[in-house]
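As a plain string of letters, each chain reads:
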Amino acid sequence: MALEHAIMVSLAERAGSGYELARRFERSIGFFWAATHQQIYRVLKRMDDAGWVQAETVAQDGRPDKKVYTVSALGHDELRRWLAEPTEPAPMRDELAVKLRGASLGDVQALYDEVARHRDLAATRLDGYRVIEKRDFPDPARLTGRNLHHYLVLRGGIRVEQGLVDWYEEILRALEADR
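Throughout this document, residue positions are counted from 1 along each chain, in the order its sequence is written. The model is predicted, so local features are restricted to residues of pLDDT at least 70 and side-chain atom pairs to those at 80 or more, both for listing and for counting; the totals for chains, interfaces and linings are taken over all residues. Only heavy atoms go into the side-chain values, all of them from the structure, while hydrogens and water stay out.

(A) Structural context of the domain arrangement of the protein. The start and end points of each domain follow an automatic or database-based domain assignment. As far as domains go, the protein holds domain 1 (1-84) and domain 2 (95-178). A separation of 29 Å is found between the C-alpha centroids of domain 1 and domain 2. The quantity reported as buried area is the accessible area (1.4 Å probe) lost by two parts once they are put together, taken as the sum for both. Interface area lost by domain 1 to domain 2 is led by Glu13, Phe31 and Phe32, which between them contribute 93%. Here a polar contact means two N or O atoms within 3.5 Å. Within protein one must be a hydrogen donor candidate and the other an acceptor candidate, and residues neighboring in sequence count only if both atoms are side-chain atoms. At the surface where domain 1 touches domain 2, the tally comes to 2 residue pairs in polar contact (both at pLDDT 80 or more). Taken together, the residues of the side of domain 1 that touches domain 2 break down into 3 nonpolar, no polar and 1 charged. Throughout this entry, Asp, Glu, Lys and Arg are counted as charged residues, while Ala, Val, Leu, Ile, Met, Phe, Trp, Tyr, Cys and Pro are counted as nonpolar. The remaining residues, Gly among them, count as polar.

Below, the structure is given as structure tokens:
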């Protein structure tokens, strides 16, 4: 997926400046697609040049003017085209898995500690996702449209993180037993 499409999805939900988009990436979209502030600004410029977004300059008191972006008609056409395009499932690509495979070649205790750290990070993300689920989606059976779609992405994140926590726990138990 190109960053352009992630930005257009966000802008189709709500217009925003480059700064606001960067904040959205930190708080929501960034859970599954990361981008730096610099990448977002660079891509917004490219999208503006391509006619996929349009910017309105908004004056601000005591601060420089800001550009607020919306998706143009051409951008909506591109977004519909991209949404209809088939995607390939992403294969697992995990540096920790490669380290695990080669564990006997190095310091197994260091790997154990690293797996425990990964488990703790995944558990923290999982807890955060569950807080969002409880706060924003108290009655999932009644969800429709955009809210349902957001909920389904969140559920994917919950399942992935739960799977990772379970896998890391399995690794830790196996490494303990192998000592």
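Still more to cover.
(B) Broad picture of the pattern of salt bridges. By convention in these notes, a salt bridge is any Lys or Arg side-chain nitrogen within 4 Å of a carboxyl oxygen on Asp or Glu. Applying the stated criterion across every chain yields a total of 15 salt bridges. Here glutamate 85 ties to arginine 81 by a salt bridge, and the two come within 2.6 Å at their closest N and O atoms. Categorising residues by exposure relies on relative accessible area from a 1.4 Å probe, with only protein chains included: less than 20% of the type maximum marks a residue as buried, more than 50% marks it as exposed, and the intermediate range marks it as partly exposed. Since its relative accessible area comes to 41%, arginine 81 is described here as partly exposed.

(C) Highlighting the packing of aromatic side chains. Centres within 6.5 Å are what make two rings of Phe, Tyr or Trp a pair, Trp counting through its six-membered ring; a difference in plane orientation under 30 degrees is then read as stacked, over 60 as edge-to-face, and the rest as tilted. Taken as a whole and judged by the stated rule, the model has 2 aromatic pairs. A cation over an aromatic ring shows up here: arginine 179 above the ring of tyrosine 112, its NZ or CZ 4.6 Å from the ring centre. By definition here, charges over rings are those cases where NZ of Lys or CZ of Arg is within 6 Å of the ring centre and within 35 degrees of the ring normal.

(D) Layout of a nonpolar patch on the surface. On the surface, a nonpolar cluster with roughly 290 Å² of combined accessible area is contributed by Phe31, Phe32 and Val153. When you line up the elements, valine 153 lands in helix H7 (residues 145-177). Like charges are joined within 9 Å and nonpolar side chains (Val, Leu, Ile, Met, Phe, Trp, Tyr) within 5 Å, but only among residues with over 30% relative accessible area and no salt bridge; these make up the patches. Areas reported as accessible are Shrake-Rupley estimates using a 1.4 Å probe. Residue values count occlusion only from the protein chains shown. In this description a helix means any DSSP run of H or I spanning at least four residues, a strand means any run of E spanning at least two, and both kinds are numbered starting from the N terminus.

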